[in-house]
Amino acid sequence: MKIFSVLAFVIVCCNLYAQPISKSFELRYFTPDTLANGETDFKGETSVFTTDERIDFLSYYADEVSDYYDDQNLNTEIAPEKDVKKLMASIKPLPLPEVRTRIKLDEWRVLSSCPGQHEASLWELSKYKGAENMVVKDGAMCFIGDAKWKWDIDVQTWRFSLGCKIRLMEKSCKAGFMLLDNATNKAFVKIEIRENNLFYDSNREKEEGVPLGQNVWHEIKIEGSLDNFNETQRYNLYIDGILIADFVPSTEDVNWVNSIEISSSSGLEIDELWGIGYQRTTQERYPFYPATFIDENFEQKPSLDGWQTAFYDDRQWRKTNLPFGQGSERYKGEDLYFRNKVKIHNFKRAYLNVEAIDPGGEIWVNGKLAGLVKDRYPIKLDITKYLNPYSENQLAVKVNHFYLSPSEGQPNPHSALDNNATWFAGRVWLDLTDETFVDDVFFYTKNLKDGVAVIQTDVSVQHKGALGFKGMIKVKMGVWDENFDNNLMEVAEKPLLIGPGKKNINILFSVKNPKLWEPNSPNLYKVVIEILNKDGITIDVHVFITGIRTVSQEGGTFRLNGKPFMLNGTQIMGFRSPIEKMMIWFRCPPEEWVAKEMLMTQNMNCNMLRIHVHGWKGKAVGVNDPRYAEYADQMGIMIISCPPAWIREGDWGQVDFEGYHKYMKQTQNHPSIVMWEIANHPNTFNINEAYESDLFSETAYNAVYPYDPSRLISITSHIAHLSYGNDYGTLDKGGRSLLEAIGQVQTLDPGNQMALNAEIGETNLEGNRIVATRAWTAPMVTRGNQDVATGYGAEWSQLRKWPGAYRQSFLDSNERAYFNFEHQESIGQPNWNLCKGKPWYLLQSYEWDYDKGSIGRRLTTNEWRESQAWQAFSAYEAIKKMRMLDYDGFSWCSLHGGSNMGTYKKPAIDFLGHGKLVYHIHKTVFQSILAGSNNVDVVYGPDDKITPMILNIGDERTVMLTVIVRDKFEGKVIDKKVYKNVKLNAGRTITELACFLPNLKQKGMYFIEYLVNENK
């Protein structure tokens, strides 16, 4: 069959009379062939397409859908810098308490160093002494006359980047930069500077100079590719972050680059000369590895002798704000050292709070070791005896470097071949309190009914006196808006009688007609906990921001504030650009990246972010960065939290169950956190005894629920690995034969493992009778898998038959929700034109063969648009069907690229921040009202009818649906059907409408648009 003898063209239009409240579309092929009658597969058992026809379909889809979203070139930056800065400026700072003194210790001096580096730096600088017309001064190489310097470097044979800072002190300065092949003395790159203009490959007549400022520092960066693309070696040139030379041919062809030469007359200064090379491997999951080949900052590394004392001179240390992290092979073995001074008056008790010293380190106060940190837990350290009143006190913190040794595990399948994963210090503050003070508060909404919220406030009080204390606890709160300081009202009080030590006080009170927190209206409250002595004098105040909301799963449906809702979103894995910063920012990004990821999530029409950051497997690891919750609270984004106690895969006992609640306490009052996740997918249950599932479930539940009964608990995001065969825990999955089949896949590619697990859903499981542990069906335990209906090379038949008996048993539950916690539907190549010269440019990943199963053959790099079309098309159809099946939510894996050294193809946004087609599809498929056909039929035969359906989340409403079928050549309406007075029931509902047979005469592609308007 020859496809597209007649093709349809879509013209996107809005209702002439009113803007639709929902717009969606579907692309379908029509043929008079009766073999196409019924639900046909894109590729599979009922498919009528050839491989070439499938690719033609995707080509049409890419063109028309990118036009629909006004992103024809698929090069839109999703969270540009100006929008990120705007978001950061809009985030309100958290309030400080009164009465107690809280000193925020934001700015510190920091040094990254290790023993012996001071002496090594002196030796390095000595090689420049005596050089003619050159001098190292004030941390820069200065040319004071005609001079030349050459650095020999490790041989670069593939891809690399080299950067430096330059400053022109004289207009008459002439300079040259060359990257050379020493064997032939040929220049791969040649740059010249004259008359304050920079020329690259200046022997070319067409070249124009780039103007440079005088007496100002400029950043120069070269990205080189020596692997003969288009039979020519090429490079990029950036000046101050702006691309000047876009993948231009090299000056000369070379065998390799192994030296850097700089020559200049008087007036040139050079600083921060740094180069990193990338070398290929034979491993698809780790396609290349980084290695620094030059790192010259022309500075003497300060000595560490006495670094923790008040008399140490730290003026050479850089200034930074916390949190601050370090990592990557460039800084291998270097610990972080921080110093700060704080002046205080008189005080009774002093507590130093640190979000994290990861993976461990030391805390010094006035030259004395106050704390030795051996774990990643949040820190509240009593430093009362170390501080001096009415004076300036010296604080010093050391963070131990981290290197992933065999005892710590091994890199996860998405990480870099760089075992120097981030080590960092979180934010720090000092609390000066009375002898009786609020140690901790857990505030949550027990229930909502008839406009009344019942609030549980658990207050932990410490008393350090020698005798008892009698007084009162008062709770005040008010809406946190522009008038938050004036609308605080007392809502509860309780007598307090405590002896030396700690006491927990439980306070229950009601709030009438509260302003609820939810994504569309993230209302927040300021809560103040006061301790008054017996004379009525307030001696301590604890303050925090929170929200009133409930999460639950009554009736087997995810509910927010008692109403059916969906948890629709994505997840981050921590691999952030630029690639040379990836392992530095991996587990502790700068504030700009926190804002960027939150903005990306919201721009993709997602209401949830899963914090799925991990760097190795075989041991507990994750992140517990409160900044994400602080942003999410104010932006209205829900969070699934995976703290450092969490594991990615392996044996379940590697979870840090004893420490899990310590991380929970750090973020427990944030309304945006709606679920705790214990583990991603520990995956050895199916090769061990069934009791392992029971033991894991019990241990996981007891590690979380006693500390927080208010949030959902995901024991694992992939329950298919467990031995349970149904929601009630009365059946296993059908005997050892199936379990052994799954177990055999443990050593295979995880994608194949996921695909085999998906096949469980197609099996009518008649399992053995069992009695599961109580924890499997305990309160707040929820359900979910990593369902891949069209991913990992699956044929369309799997989606058509979805969900099968196994998953249907969970979807049918009346007690527990069912989520798709990680649905990597398929892969989409990036727009290769946007990453020319990057180390991952034109590299396919281990996922490439998925195309064979789902499409028929691998898509080439020239077919990247078709690749994105397949990812978007399959994602829309799969999510649409799963919404029809009443899934409770989704998490796309993952938000942006970076995994597998930038080669991972599943993310919705590429490594450099540009949206793929699937990014746009999320904006459509996650609308609260979504209209479309009620099946996943790809090709309409002569007898196929369209049965429209409308999915609704929210209130009851009456709408009008218009279905428009358009052709390609003339852009005219071929057929149209209007449904008036369509009643959509409240909740999370589906409404099917009368079917109709579209008037399709000609064979070819058609664009079917679904417009929902308010009923007039």
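What you see is a predicted model, and the numbers here were worked out from it, not measured in a lab.

Caption draft 1: Up close: the overall build of the chain. Counting its secondary structure elements, the chain contains 15 helices and 57 strands. The C-alpha atoms of the chain give 31 Å as radius of gyration, which agrees with the globular expectation for 1016 residues (31 Å, within 12%). A principal-axis box enclosing the C-alpha atoms of the chain has dimensions of 90 × 90 × 60 Å. Looking at the chain residue by residue over its 1016 residues, the buried ones come to 63%. A separation of at least 24 residues holds for 76% of the contacts in the chain among residues at least 6 apart in sequence. When the accessible surface of the chain is split by element, carbon and sulfur atoms take 47% of a total near 38800 Å². Positive and negative side-chain charges in the chain, numbering 113 and 131 respectively, have mean positions lying 4 Å apart.

Caption draft 2: How the structure looks around the nonpolar core. Phe57, Tyr61, Phe338, Ile383, Leu430 and Phe696 are the most contacted members of the largest nonpolar core, which totals 182 residues. Ranked by the residues each element gives to this core, the list is headed by helix 14 (residues 864-884), at 10 residues. Once residues within four sequence positions are removed from consideration, tyrosine 61 is found in contact with Phe25, Leu27, Ser66, Ala869, Ala872, Phe873 and Ile921. Tyr128, Ile222, Leu237 and Val248 belong to the second largest nonpolar core, which has 44 residues in total.

Caption draft 3: Representation of the environment of lysine 906. By the element assignment, lysine 906 lies in the loop between strand 50 (889-892) and helix 15 (917-925). For lysine 906 and glycine 209, which are 697 residues apart along the polypeptide, the C-alpha to C-alpha distance reads 41 Å.

Caption draft 4: The arrangement of the pairing of strand 7 (residues 159-168) in detail. Extensive coverage of strand 7 is indicated by the burial of 9 of its 10 residues. Note: strand 7 against strand 12 (residues 217-225), 9 bridges, orientation antiparallel. Looking at strand 12, one finds that arginine 167 is bridged to tryptophan 217. Inspection of the sheet shows strand 7 paired to strand 16 (residues 268-280) by 9 bridges, in the antiparallel sense. Bridged to leucine 162 within strand 16 is glycine 275.

Caption draft 5: Fine view of the side chain of histidine 670. Counting through the fold element by element, histidine 670 comes out in the loop between helix 7 (657-667) and strand 46 (673-677). Ignoring sequence-local partners within four residues, the contact set of histidine 670 consists of Arg549, Ala629, Glu630, Asp633 and Arg711.

Caption draft 6: Inspection of the sheet that holds strand 54 (residues 957-966) at higher detail. With mixed pairing, the 5 strands of this open sheet are ordered in space as 52-1-57-54-55. Edge positions in the sheet fall to strand 52 (939-940) and strand 55 (973-984), since each of these pairs with one other strand and no more. Judged from the 9 bridges that link them, strand 54 and strand 55 form a sheet pairing that is antiparallel. Paired with isoleucine 964 across the bridge in strand 55 is lysine 976.

Caption draft 7: Structural context of the pattern of salt bridges. In this structure the tally under the stated criterion is 61 salt bridges. Across the salt bridge formed by arginine 100 and aspartate 431, the nearest N and O atoms sit 3.1 Å from each other. With arginine 100 in the loop between helix 2 (81-90) and strand 2 (101-104) and aspartate 431 in strand 29 (residues 428-433), this pair connects stretches of sequence that are 331 residues apart. Taken as a pair, arginine 100 and aspartate 431 share a single burial class, namely buried. A salt bridge links arginine 109 to aspartate 314; the nearest nitrogen and oxygen atoms lie 3.7 Å apart. Placement of arginine 109 in strand 3 (residues 107-113) and of aspartate 314 in the loop between strand 17 (288-296) and strand 18 (318-321) is noted, with a sequence separation of 205 residues between them. For arginine 109, a relative accessible area of 21% puts it in the partly exposed group. Shared partners join several salt bridges into a network, and the residues in it are Glu26, Arg28, Glu877 and Lys880.

Caption draft 8: Just the side chain of asparagine 533, in detail. Relative to the helices and strands, asparagine 533 is located in strand 37 (residues 525-533). Within the structure, the side chain of asparagine 533 is placed 2.9 Å from the backbone nitrogen of aspartate 535, a separation counted as a polar contact. What asparagine 533 contacts, discounting residues up to four positions off in sequence, is Phe469, Lys470, Gly471 and Ile539.

Caption draft 9: Spatial organisation of the packing of helix 5 (residues 591-603) against helix 6 (residues 626-635). Packing of helix 5 against helix 6 leaves a shortest axis separation of 10 Å and a crossing angle of 40°. Classed by the angle they form, the pair helix 5 and helix 6 counts as oblique. By crossing handedness, the relation of helix 5 to helix 6 is classed as right-handed. In contact with Glu591, Val594, Ala595, Glu597, Met598, Leu599 and Gln602 of helix 5, helix 6 contributes Arg627, Tyr628, Tyr631, Ala632 and Met635. Broken down by class, the residue content of the contact of helix 5 with helix 6 amounts to 8 nonpolar, 1 polar and 3 charged.

Caption draft 10: Molecular detail of the sheet that holds strand 19 (residues 324-326). Across the sheet, which stays open at both edges, the 3 strands sit in the order 19-28-22 with antiparallel pairing between neighbours. Only two strands of the sheet have a single neighbouring strand rather than two, namely strand 19 and strand 22 (357-358). Taken together, the 3 bridges between strand 19 and strand 28 (residues 423-425) define a ladder with antiparallel strand orientation. Of the residues in strand 28, the one forming a bridge with glycine 325 is phenylalanine 424.

Rules used in this analysis
Residues numbered from 1 in each chain as written. Predicted model: local features only at pLDDT ≥ 70, side-chain atom pairs only at ≥ 80, totals over all residues. Heavy atoms only, no water. Helix = DSSP H or I, 4+ residues; strand = E, 2+ residues; numbered from the N terminus. Rg over C-alpha atoms; globule rule 2.2 N^0.38 Å. Buried < 20%, exposed > 50% of the residue type's maximum accessible area, 1.4 Å probe, protein only. Contact = heavy atoms within 4.5 Å. Areas by Shrake-Rupley, 256 points an atom, 1.4 Å probe, with all protein chains shown as cover. Lys, Arg positive; Asp, Glu negative; His and termini not counted. Charge placed at Lys NZ, Arg CZ, Asp CG, Glu CD. Core = buried A, V, L, I, M, F, W, Y, C linked by side-chain atoms within 4.5 Å. Pairing = 2+ DSSP bridges. Salt bridge = Lys/Arg side-chain N within 4 Å of Asp/Glu carboxyl O. Polar contact = N/O pair within 3.5 Å; in protein donor to acceptor, adjacent residues only side chain to side chain. Axes fitted to C-alpha atoms, helices over the stretch in contact; angles between N-to-C directions. Parallel < 35°, antiparallel > 145°, perpendicular 65-115°, else oblique. Left-handed = near helix turned anticlockwise from the far one by under 90°. Nonpolar A, V, L, I, M, F, W, Y, C, P; charged D, E, K, R; others polar.

Read these as layout, nothing more, since geometry by itself doesn't imply function.
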